[in-house]
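Chain and residue survey
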Amino acid sequence: MEREGSEREGIEKEKSIGIFNGSAKVGEILSGFTQIAITPQDMTSPIALQMALSRIYEAMTKTIESGPKKKFIAEVKFTDSMGNPVVFALDLGEKMPHFSSKEVKARILVELFEENSH
């Protein structure tokens, strides 16, 4: 048992944790529209853009046919350790969280660790 405990302590010591503070904007989207996005690769040529527009049209058509479903998300923004802006979405589910404002603070926890294979 001691060996097991000391192994756990070793794992705990090998963690690196970063905590960032940022902001989040809470809003709603239609769940089928999450596939609608244009990436930098979609802008590399006229053909790539046409393919992206076709993909977007198809996603919109499927969403309209199946009926729209509202989903709440938070657009989270913060600045990383090197000064780069980071933006990501957090799915909040089908019910609006009980915030008094649509703009709230965000705390982002990043934990780095190695998984043991045994």
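Residues numbered from 1 in each chain as written. Predicted model: local features only at pLDDT ≥ 70, side-chain atom pairs only at ≥ 80, totals over all residues. Heavy atoms only, no water.

**Description of the nonpolar core**
Counting residues in hydrophobic clusters, the biggest one holds eight residues: Phe20, Ala24, Val26, Ala74, Val76, Phe78, Ala106 and Ile108. Contributing elements (two or more residues each) for this core: strand E1 (16-30), strand E2 (70-79) and strand E4 (103-112). Those residues in contact with Ala24, other than ones at most four positions away along the chain, are Ala74, Glu75, Val76, Lys102, Glu103, Val104 and Ala106. (Core = buried A, V, L, I, M, F, W, Y, C linked by side-chain atoms within 4.5 Å. Buried < 20%, exposed > 50% of the residue type's maximum accessible area, 1.4 Å probe, protein only. Helix = DSSP H or I, 4+ residues; strand = E, 2+ residues; numbered from the N terminus. Contact = heavy atoms within 4.5 Å.)

**Examining the confidence of the model for the protein chain**
The predicted model of the protein chain has a mean per-residue pLDDT of 84, with 84% of residues at 70 or higher. Mean pLDDT values for the elements of the protein chain range from 48 in helix H1 (residues 2-13) up to 96 in E4. Every residue in residues 1-7 scores below 50 in pLDDT, and together they form zero contacts with partners more than four places removed in sequence or on other chains. (pLDDT = per-residue confidence, 0-100.)

**Notes on the side chain of Asp42**
If you trace the backbone, Asp42 turns up in the loop between E1 and helix H2 (46-66). Only 3.1 Å separates the side chain of Asp42 from the side chain of Arg55, close enough to count as a polar contact. (Polar contact = N/O pair within 3.5 Å; in protein donor to acceptor, adjacent residues only side chain to side chain.)

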